[in-house]
Every structure is written in C-alpha cells, then in structure tokens.
Amino acid sequence: MQYQLLKKCLALDAAGKWLVRDSQDDFFPDALNFADVEATLTEYLAQRQHRVLQIDSLPHLVDEVPKASGMIRESVWLHPTHRILYLACLHYLLPKLDHQLPSDVYSYRRDGDDQDAYPFPQKMERWKYFRNDFRQGCIDESTSAVLITDIASYYDHIHVDALCERITLILGDRATPEDLAVVECLGKLLRQWSTGGYGIPQNLDASSFFGSLFLSGADREMLDKRYRYFRYVDDIRVCAVNRKQALRALHDLQRALSRYRMFLASDKTFIIEKGTGAFDTLVDVTDDTHLSRIEDAVATGQRETLEAEIPKAKARLEFHAGQNGDDRRFRAFMNRLLQIAEYEELKEHVHGEIGPFIVGRLSSHPQRSDQWTRALQEIGHSVWMPEVIKLLKD
C-alpha cells in the first residue's frame, strides 16, 4: 500500500467522529457505543498513528447471527481502528462517487455538501421517499402491474475485487494516485474480512454505500431499458404498464444482476396487478398517516394528544405483531411509542403496554435481536425481565 499517500489523504479524525452514528445498527452493540473512543479520539488516533495502516496486525472476529428464515449468517466484529479506517475510505471516496449513482437509487446517498459532517442523517427519510415515490408510481394511470423483489444474501455475494474494479471504473481516467491508493486500501480491508474474496460486513454505513455502488451497473441497464425503477439497497421495485412488461422487467433484472453474481430471492419476488387486494395494500397510506400524526403529537408535546394516540398506536403494534403484520411497520410503531414514553408522565403506561410485544419478537424475529434489546433497555426491568428469563430457560 501507498502509506505516505494514505496518511496524507485519509481524514481519520473526521471519520472517527462518524463512529458512534455508524454503530447504531450493529448486530453486536458496543457496551459504551464507542463513546470512549469518541471522547478521546485525538489521543486514541495519536497512540495508533504508526499502526493504523498495518491492517494485518489488527484482529477481527467472525460470529453468527440468525436470519428471518431460521438459518444463520456470518457477521464480522471489527476492531474500532479498522472501523475508523473503513469510514475514512468512505469519507474520501463518497464525494467522488455519490453523484455517479442515479436518482432512482435512494439508499445511503450523501446528504449535504459538508464533507466532514456525518453523510447519511436522512437515511430513514430516504426510505420514506423510496416508498412514497414507488407508491406514487403505483397509482399512476399508466401502471397496471408492479414487480417487487429482493436480492438474496446481498452483502455475502459481493466480490471484493469486482467492487474495487467498479469503483476504479467510475473514477475513470481522472483518478489520481491518491484515489487509487484509497481503493487499494479499501480492497485490502475488505479482503481481510471476507470469505474467499466474497462478502462485505453488514450493518455498516460504508458497506451500505459501497454495496449500493456495486450494483450501479445493473441500475443503469434497467434504466436504459426505460423501466420505472426504484431501488433501496437490495429492495427493488418496478412499475409496469401490464403484467407482461413486469415479467420482462423481472427477466431483464435477473440478467443484469447475474453479471455481478447476484441473484433474486424467489420467496420475496412478486408481480402484483392493479385491482387485487395485494395491490391495494401496497398503496394504503393508513399506517403512514398515523405515524406522521404521532410524530406531530410528539413535536407539540401536548399530553392530551399524546394520550389519545397511545391506544391507537398500540392497536397497530398488536396487528403488526400478528401473522398478517409487517415487521417494518411493527418497528415504526414501536419506535413512535418509545418516543411518547420519553415524556416522564407517560413512560410507565407506554412501557407496560409495549414491553410484552417486544419480548415476543426475541423468539419470533431473532434476526433483529439487537433492535429488540435496545428497545428493552429503555423499558424498566420489572416489565420484561421475568419473560426474558423464561424465554432463555425455554
């Protein structure tokens, strides 16, 4: 590696300030959420200035986490110094690459022009834009069918060398020696964490951006064929004039993805036609309206309004906890109720209402145990501890 070039162009101090935000979705949350690293960042980096680029000298651990299907997948625990270096590669490359992604790709786009500011503060808002723009496409008069699909084991199938080649291709002839040195560093990091050169760590901001960039060629293929195309990470949707066009889009997408050794999950692939119950569910905004109403009530802080929203939100939480519910909607209502519980006078009531539902997710949706445990940490132990102990014993 070009150590002198990397020391010159990688802003480790700026990247280190992103670490706490980056760790919010960790499979294995750090006990201090890296607050100790952030609080002593200058000293932390100074102590490691001669080793930070000695990538092979730092350990990483491979563990397993459950998937929704009941299967397991590998997850990598990274050393904090490795994480800062990974974020530093993102910090350097993001301004050079983000504008090369089409606007039809919504996930992990750069929010703002300040290169040192955390780049993805609107990532959840962008999910809403993805859903709303797709919903708008659904209700368009020209749409009679839609394709909804998901890429199977998306992060696991990313080939590290192909990703680095993709980045180099996008940088083009204007790539500087510094650019190429950072890409080389990125490749060395990812190869060390990979299995046989395949796979990048999940639930990290850098991986979310670079993984999204990896599919930019497939995005272009679909857009060049003039499909009405939407993508958020591995979630892909197409609005079509009829079922025949939706089927053609599915086949074109399969071919485009196969060039990157990516494959669609057959159990998450559907063509839905207008006029069906499933299509009506896609365009239903009832939950979204309710969630927005709760956000407004939290913002105003009026107790009467908040109290009125609690039973309605709990009813939707209960519905989405059931067989016909949606896990994303469950989490949305859970988080809104936890926001209401930040008001001291409502805390005990809300926690008592939602605690049992969250505990139930530990067994029904173990793949999101990190999120359920974070939520339970906000709730008094007396509410959930007996049920969790029973669950662990069983």
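Notes on the structure in this doc start here. Keep in mind that what you see is a predicted model, and the values were worked out from it rather than measured. (Residues numbered from 1 in each chain as written. Predicted model: local features only at pLDDT ≥ 70, side-chain atom pairs only at ≥ 80, totals over all residues. Heavy atoms only, no water.)

### Some words on unusual backbone geometry
For arginine 226, which is not glycine, the phi torsion reads 65° and is therefore positive. By the secondary structure assignment, arginine 226 is in the loop between α11 (216-224) and β4 (228-232). Note on arginine 226: relative accessible area 74%, which makes it exposed. Phi is positive for valine 233, which is not a glycine, with a value near 55°. (Helix = DSSP H or I, 4+ residues; strand = E, 2+ residues; numbered from the N terminus. Buried < 20%, exposed > 50% of the residue type's maximum accessible area, 1.4 Å probe, protein only.)

### Some words on the sheet that holds strand β5 (residues 235-240)
What the four strands build is an open sheet, ordered β4-β5-β3-β6; its pairing is antiparallel. Two strands in the sheet have a free side with no partner beyond their single neighbour: β4 and β6 (270-273). Strand-to-strand twist of the sheet, defined as the mean angle between neighbouring strand axes without regard to direction, takes the value 15°. As paired strands, strand β3 (residues 145-150) and β5 are joined by six bridges and run antiparallel to one another. Each residue of the ladder has a partner; that of valine 146, found in β5, is cysteine 239. Against the sheet, helix α12 (residues 243-258) contacts β3, β4, β5 and β6, and its axis sits at roughly 25° relative to β3. (Pairing = 2+ DSSP bridges. Axes fitted to C-alpha atoms, helices over the stretch in contact; angles between N-to-C directions. Contact = heavy atoms within 4.5 Å.)

### Quick word on the layout of surface pockets
Of the voids in this model, the second largest pocket is the one considered here, and its volume is about 270 Å³. Around the second largest pocket, the lining comprises 16 residues; the ones closest to its centre are Asp26, Phe28, Trp77, Leu78 and Arg83. Going through the elements one at a time, β2 (72-78) and α6 (80-97) are the ones with two or more residues in the lining of the second largest pocket. Here the residues of the lining of the second largest pocket sort into 10 nonpolar, three polar and three charged. (1 Å grid on protein atoms, 1.4 Å probe; cavity = no way out; pocket = protein on both sides within 12 Å on 5 of 7 lines; lining within 4 Å. Points joined across faces, edges and corners; volume = space filled by probe spheres on them. Nonpolar A, V, L, I, M, F, W, Y, C, P; charged D, E, K, R; others polar.)

### Thoughts on the packing of α11 against α12
Put simply, α11 and α12 touch, their axes get as near as 9 Å, and they point 150° apart. By the criterion of interaxial angle, the relationship of α11 to α12 is roughly antiparallel. Crossing hand, α11 versus α12: right-handed. Across the interface between the two elements, Ala218, Glu221 and Met222 of α11 pack against Ala249, Asp252, Leu253, Ala256 and Leu257 of α12. Here the residues of the contact of α11 with α12 are counted per class, giving six nonpolar, no polar and two charged. (Parallel < 35°, antiparallel > 145°, perpendicular 65-115°, else oblique. Left-handed = near helix turned anticlockwise from the far one by under 90°.)

### Some thoughts on empty space enclosed by the protein
The final tally for this structure, using the stated rule, is one cavity of 30 Å³ or more. Roughly 60 Å³ of volume is contained in the largest cavity. Around the largest cavity, the lining residues are Trp18, His91, Leu94, Pro95, Arg110, Asp111, Gly112, Asp114, Gln115, Ala117, Tyr118 and Pro119.

### Side note on the packing of α6 against helix α8 (residues 160-171)
Following both chains from N to C, one finds α6 and α8 inclined at 50°, their axes separated by 10 Å at the closest point. By the angle between their axes, α6 is oblique relative to α8. Between α6 and α8 lies a crossing of left-handed hand. When α6 is examined against α8, the residues Leu93, Lys96 and Leu97 are found in contact with a partner set consisting of Ile167, Ile170 and Leu171. Residues of the contact of α6 with α8, tallied by class, amount to five nonpolar, no polar and one charged.

### Comments concerning the environment of leucine 250
Mapped onto the elements of the fold, leucine 250 is located in helix α12. Under the relative-accessibility criterion, leucine 250 is labelled buried at 13%. If we skip the residues at most four places from it in the chain, leucine 250 touches Leu147, Leu264 and Thr269.

### Some points on the pattern of salt bridges
A complete count under the given rule lists 32 salt bridges for this structure. The residue lysine 347 makes a salt bridge to glutamate 344 at a minimum N-O spacing of 3.3 Å. Of this pair, lysine 347 and glutamate 344 both sit in helix α17 (residues 344-364), three residues apart, which is roughly one turn of that helix. Each of the salt bridges in this network shares a partner with another, and the network as a whole consists of Glu125, Lys128, Glu295 and Arg336. (Salt bridge = Lys/Arg side-chain N within 4 Å of Asp/Glu carboxyl O.)

### Description of the state of the cysteines
Here is the idea: a disulfide is a covalent bond, and it sits between the sulfur atoms of two cysteines. Tallying each qualifying case throughout the model produces zero disulfides. Of all cysteine sulfurs, the one in cysteine 89 lies closest to cysteine 9, which takes part in no disulfide; the gap is 8.6 Å. Judged by its relative accessible area of 16%, cysteine 9 is buried. Counting only cysteine sulfurs, cysteine 185 is the nearest neighbor of cysteine 89, a cysteine outside any disulfide, at a range of 4.1 Å. A relative accessible area of 0% means that cysteine 89 is categorised as buried. (Disulfide = S-S within 2.5 Å.)

### Quick word on a negative patch on the surface
Residues Asp13, Asp113, Asp114 and Asp116 make up a contiguous surface patch of negative charge. Here aspartate 116 lies in the loop between α6 and α7 (123-139). (Patch = residues over 30% accessible without salt bridge, like charges linked within 9 Å, V, L, I, M, F, W, Y side chains within 5 Å. Areas by Shrake-Rupley, 256 points an atom, 1.4 Å probe, with all protein chains shown as cover. Lys, Arg positive; Asp, Glu negative; His and termini not counted. Charge placed at Lys NZ, Arg CZ, Asp CG, Glu CD.)

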